[in-house]
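# Reading the structure
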Amino acid sequence: MTRRQRKCNRIIPLLLAVSAACGSVAAQAGCEFSVNGDWPGGFQGAIKVTNDGSTDVSSWQVGVNFADGSTIQNLWGADLTGSNPYVAKNMGWNGTIRPGQSVEIGFIGVKSNASAAAQAPELTGELCGTSGDTGGTTPPATENHAPSADLSALVTSGTVPLSVDFNAAGSSDEDGDSLTYTWDFGDGVTDAGENVSHTFTEAGDYTVKLTVSDGTLSDSAMTVIHVADEAGNTAPSAKVSVTARQGTTPLEVTFDASASSDPEGDALTYSWNFGDGSTGTGVSPSHTYTQAGTFTAKVTVSDGNLTSTASVTIKVTDEDSKNEITRVDNPFADATWYVNPEWAAKAKADGGSAIAGQNTFVWMDRIAAIEGTDSAMGLKAHLDNALAQGANLFTVVIYDLPNRDCRARASNGELTIADGGMDRYKSEYIDPIAAILADPAYKDIRIVTLIELDSLPNLVTNIDVPKCKEAAGEGGYKEGITYALNAFSPLKNVYSYIDAAHSGWLGWDSNFDPAVNLIAGVVTGTDAGWDSIAGFITNTANYTPTVEPYLQEPYKNVGGRQVRSATFYEWNPYFDEKSYAQEFRKKMIAKGAPSTIGMLIDTGRNGWGGSERPSSASSSSDLDTYVNDSRIDRRLHRGNWCNQPGGIGYKPYANPYPGIDAFVWAKPPGESDGISEADFQKDPDDPAKQYDSMCDPDSMNSEPHTTATGAMDNAPHAGRWFSAGFKVLLDNAYPSLDAATGKPE
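Per chain, the residues get numbers from 1 upward, laid out in the order the sequence is written. A pLDDT threshold of at least 70 governs which residues receive local features in this predicted model, and a stricter bar of 80 or more applies before side-chain atom pairs are shown or counted, although totals over entire chains, interfaces and linings include all residues. Only hydrogens and water are set aside; all other atoms, that is, all heavy atoms of the structure, feed into the side-chain values.

So, on to the pattern of salt bridges. Salt bridge, as used here: a side-chain nitrogen of Lys or Arg that lies within 4 Å of a carboxyl oxygen of Asp or Glu. Summed over all chains, the structure comprises 19 salt bridges. Salt-bridge contacts for Arg366 lead to Asp685; the nearest nitrogen and oxygen are separated by 4.0 Å. Note that Arg366 is positioned in the loop between β28 (362-364) and α2 (367-371) and Asp685 in the loop between β37 (660-664) and α12 (723-731), a separation of 319 residues in sequence. Under the relative-accessibility criterion, Arg366 is labelled buried at 11%. The partner of Lys587 in a salt bridge is Asp513, and the shortest N-O contact between them spans 2.9 Å. Counting from the N terminus, the helices are DSSP H or I runs at least four residues long and the strands are E runs at least two residues long. Remark: exposure states derive from per-residue accessible area (1.4 Å probe, protein chains only) relative to the maximum for the residue type, with buried under 20%, exposed over 50%, and partly exposed in between.

On to helix α3 (residues 379-389), then. The complete set of buried residues in α3 reads Leu379, His382, Leu383 and Ala386. End-on, the buried residues of α3 take up no more than an arc of 95 degrees, which puts them together on one face. Note on definitions: a residue-residue contact is assigned when non-hydrogen atoms from the two residues lie within 4.5 Å. In this fold, the buried residues of α3 make contact with α1 (341-349), β28, α2, β29 (393-398), α4 (421-437) and β30 (446-451). Once α3 finishes, Gly390 follows within two positions and takes phi at roughly 80 degrees, a positive value. Directions from the helix axis toward the C-beta atoms define the arc.

As used in these notes, a disulfide is a covalent bond between sulfur atoms, one from each of two cysteines. Disulfide: a pair of cysteine sulfur atoms within 2.5 Å of each other. For the coordinates displayed, the defined rule picks out two disulfides. Two residues, Cys406 and Cys468, share a disulfide whose sulfurs are 2.0 Å apart. Its torsion about the S-S bond being 100 degrees, the disulfide of Cys406 and Cys468 is classed as right-handed. Within this pair, whereas Cys406 is found in the loop between β29 and α4, its partner Cys468 is found in helix α6 (residues 466-471), the two being separated by 62 residues in sequence. Comparing Cys406 with Cys468, the two get one shared label, buried. Here Cys642 pairs with Cys695 through a disulfide, and the sulfurs are 2.0 Å apart. With the S-S dihedral at roughly 100 degrees, the linkage between Cys642 and Cys695 falls on the right-handed side. With Cys642 in the loop between α11 (623-630) and β36 (653-657) and Cys695 in the loop between β37 and α12, this residue pair connects regions lying 53 residues apart in the sequence. Across the pair, exposure class does not vary: Cys642 and Cys695 are buried alike.

Here the focus is the domain arrangement of the protein chain. An automatic or database domain assignment provides the domain bounds reported here. Domain annotation of the protein chain identifies domain 1 (30-124), domain 2 (152-228), domain 3 (241-317) and domain 4 (341-549 + 593-611 + 645-672). The centre of domain 1, based on its C-alpha atoms, is set 66 Å off from the matching centre of domain 3.

As a further point, take unusual backbone geometry. That bond from Asn84 to Pro85 is cis: its omega, 15 degrees, falls within 30 degrees of zero. Relative to the assigned elements, Pro85 resides in the loop between β7 (79-82) and β8 (86-89). The step from Val160 to Pro161 runs through a cis peptide bond, and the omega angle for that step is -10 degrees. Mapping Pro161 onto the fold places it in the loop between β13 (157-159) and β14 (162-167). Phi is positive for Glu570, which is not a glycine, with a value near 50 degrees.

Glancing now at the sheet that holds strand β19 (residues 218-228). When DSSP finds at least two bridges between two strands, those strands are taken to pair. Read across the sheet, five strands follow the order β13-β19-β18-β15-β16 without closing on themselves; strand pairing throughout is mixed. In the strand order of this sheet, the two ends are held by β13 and β16 (190-192), each with one partner. Averaged over all pairs of adjacent strands, the angle between strand axes in this sheet comes to 25 degrees, irrespective of strand direction. For strand β15 (residues 180-184) and β16, the ladder comprises three bridges, and the chain directions are antiparallel. Lines fitted to the C-alpha atoms define the axes, with helices restricted to the stretch that makes contact. Angles between their N-to-C directions range from 0 to 180 degrees.

The next thing to look at is the packing of helix α9 (residues 509-524) against helix α10 (residues 577-590). Interhelical geometry of α9 versus α10 gives an angle of 55 degrees and a closest axis separation of 10 Å. The angle between α9 and α10 falls in the class oblique. Crossing of α9 over α10 shows right-handed handedness. Of the residues in α10, those in contact with Phe512, Asp513, Val516, Ile519 and Ala520 of α9 are Tyr580, Glu583, Phe584, Lys587 and Met588. Split into classes, the residues belonging to the contact of α9 with α10 amount to seven nonpolar, no polar and three charged. For classification purposes, angles smaller than 35 degrees are called roughly parallel, those larger than 145 roughly antiparallel, those between 65 and 115 roughly perpendicular, and all remaining angles oblique. When the near helix sits turned anticlockwise from the far one by under a right angle, the crossing is termed left-handed; a clockwise turn instead gives a right-handed crossing. Three categories are distinguished: nonpolar for Ala, Val, Leu, Ile, Met, Phe, Trp, Tyr, Cys and Pro, charged for Asp, Glu, Lys and Arg, and polar for the others, with Gly belonging to the last.

As a per-residue measure, pLDDT tells how confident the predictor is, with possible values from 0 to 100. The predicted model of the protein chain has a mean per-residue pLDDT of 88, with 92% of residues at 70 or higher. A low-confidence stretch, residues 1-27 stays under pLDDT 50, and its non-local contacts, those more than four residues away or across chains, total 128 contacts. For the stretch residues 131-142, pLDDT sits under 50, and the model shows 30 contacts to residues farther than four places along the chain or on other chains.

A few words on the side chain of Asp692. Along the chain, Asp692 falls in the loop between β37 and α12. With relative accessibility at 9%, the residue Asp692 sits in the buried group. Only 2.9 Å separates the side chain of Asp692 from the backbone nitrogen of Met694, close enough to count as a polar contact. Contacts of Asp692, omitting those with residues within four sequence positions, involve Ala408, Arg409, Ala410, Trp641 and Ile675. Any pair of nitrogen or oxygen atoms within 3.5 Å is treated as a polar contact; in protein, a donor-acceptor pairing is required on top of that, and neighbouring residues in sequence qualify only through side-chain atoms on both sides.

Turning our attention to the packing of α4 against helix α7 (residues 477-488). Their axes nearest at 10 Å, the elements α4 and α7 cross at an angle of 20 degrees. Our classification of the angle between α4 and α7 gives roughly parallel. Both α4 and α7 take part in a crossing whose hand is right-handed. Side by side, α4 and α7 meet where Met422, Tyr425, Lys426, Ile430, Asp431, Ile433, Ala434 and Leu437 of the first sit next to Glu479, Gly480, Tyr483, Ala484, Ala487 and Phe488 of the second. Grouping the amino acids of the contact of α4 with α7 by side-chain chemistry returns 10 nonpolar, one polar and three charged.

Secondary-structure assignment places Ala335 in the loop between β27 (307-317) and α1. Linking Ala335 and Ala654, residues 319 residues apart in sequence, is a C-alpha distance of 9.0 Å.

Another point: empty space enclosed by the protein. Using a 1 Å grid laid over the protein atoms alone, points where a 1.4 Å probe fits but cannot get out form a cavity; open sets with protein on both sides within 12 Å along at least 5 of 7 lines form a pocket; any residue with an atom within 4 Å of a point counts as lining. Grid points are joined across faces, edges and corners, and a volume is the space filled by probe spheres set on the points. For the coordinates displayed, the defined rule picks out six cavities of 30 Å³ or more. As for the largest cavity, its lining consists of Tyr543, Arg605, Asn643, Gln644, Gly670, Glu671, Met712, Phe722, Gly725, Phe726 and Leu729. Looking at the lining of the largest cavity residue by residue, the class counts come to five nonpolar, four polar and two charged. Size it by volume and the second largest cavity reaches roughly 50 Å³. Lining the second largest cavity, in full, are Lys298, Thr309, Ala310, Ser311, Asp423, Lys426 and Ser427. Residue assignment for the lining of the second largest cavity shows that the elements contributing at least two residues are β27 and α4.

Spelled out as structure tokens, the structure:
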């Protein structure tokens, strides 16, 4: 499993130099403008005034005029008057610029053309070499813009063999660059050229992807081609709903498949298997369950030729036993935590005896993991071992959604939406897991499920990625997570936590609130609503510190700029997981979550100890120096997520902070985030996993392309044991490995 690259709508600093010849007072000063962030509709700008002379510059002011009509929304580091043109005057604390020093003014700008790049303003006044309202600038440096992909298809549906002409003539490039065109027809065939033809020889729905490149940047567009068999017939789509998913014996349930449909409008028939040996027919039959148990009911919908299925899990308990399980507010409190013997053995073998007795989550990352293999225990074997240990807390990761982790490649999953993966996810993955968890033998174990990390947050920040766009629709993430929660919520000893990404992904306002709205909407759309979850988890498999001890004030002013505006934080006000998790919880309570809702923080690899860990805040007046010398997070870029040299963090512990249910090790320390070599052999157990350049130490960060990934070398596929990486985590542990488990200092 991997944790994603920074998911936010920010662009790297683009320097637009604006300098001028100077006269009189300005002979010893110069003005420079830069863009430190650019997004649709707005940008972050900075004006730097430097004293190049040998005497002080006092009581300065700079005129600012946007010829394209852009406006300033908020400015710091100066007093602002006027309305395009503006005048920025010094404040009391920065009125004197000593020789060799600079003053920087920062601001948020609103574009007159939301889709255009930020434009450099005219800087006027004596300091900038002019006394009027214009001049004093040089044209901004040329920026390369990505092309815009557009495709058209002569036909989008038909019967086999279906020949389709595709055209990319509508694609364009703002800079007038020559373009190349590559096509992926979704059936294993590719082609190149502005106009291409392709013949589909088998029935199915094919997602055709066009990628347009100017040699540096690229854009893509997609369309779906629907191909029917020779008779023009396609399989129906099966849907099922029920009047009750849980209850006590005798439990009568009415099933309804009326939402099923057929593309050709064929008449449908319905056959049912209720999971207890009984069967039925008809669009909406009723059935009474007379015995306790967990049953998977399945409907098969047929158009007379082709079929499809849908299933639902029904949990039935005895009247005498319905109150046997007492649900607690925090499942981690006063519990005996399960120790995975497989992870413990690897940890001990590589020098981790001091932590080998800690709880780590068990990963169900493919269908075969449920039963287990010759080399790995299955879910039932782990639960049986928990009973043998006397543990009453077991933690497991649910992680096999179709189009899993749609933004990255290192943890690609076995299921895809295009190949009907949602039906398999429900019937072959969630239903068997629910059946095992419902076994009465495990009723005294508090079972914590981490539901599908790297899923819903991707629908907020990466909807432009084709796999993520597909995952936002029918048969996608929301449907799968809803199904999983509906399957688990009837089990009173199961406590589900939904992934809430991390502060370096969703911390910006533009990401935070949309994520809360989306995730809350999924929860409230389940059968049990807010009762379907125990809370949320942050920082899963990531490296963001639990606390940045020397950077606790994101709005503090250093060198005329807010700390959050530093290059490392890019205006994100959440520097650590404690502040982010507590704020996430507050926002969810405001959306209707109960006040008992809890948060988890994955602390397995975010310790950031070792010789480079700072021991105090920096005294520098340069903001980036101040931040870089003060932060314990030593990543080269906050978006670097693969195999970072972080360090073992706080040991698993319940109730460390208000609102935080526990520190946990969701990603077992020592397991790789992804393979580091582009020339790799497939993982024999999970061949869908791919090479991601973010895991290659010789590659640059995928965003912003100017910083190395910082990944450790010689790493195996995601989930495989990474001995060398584990030893680095041990060396960089904070607190020390022998420190007692307990509340943070």
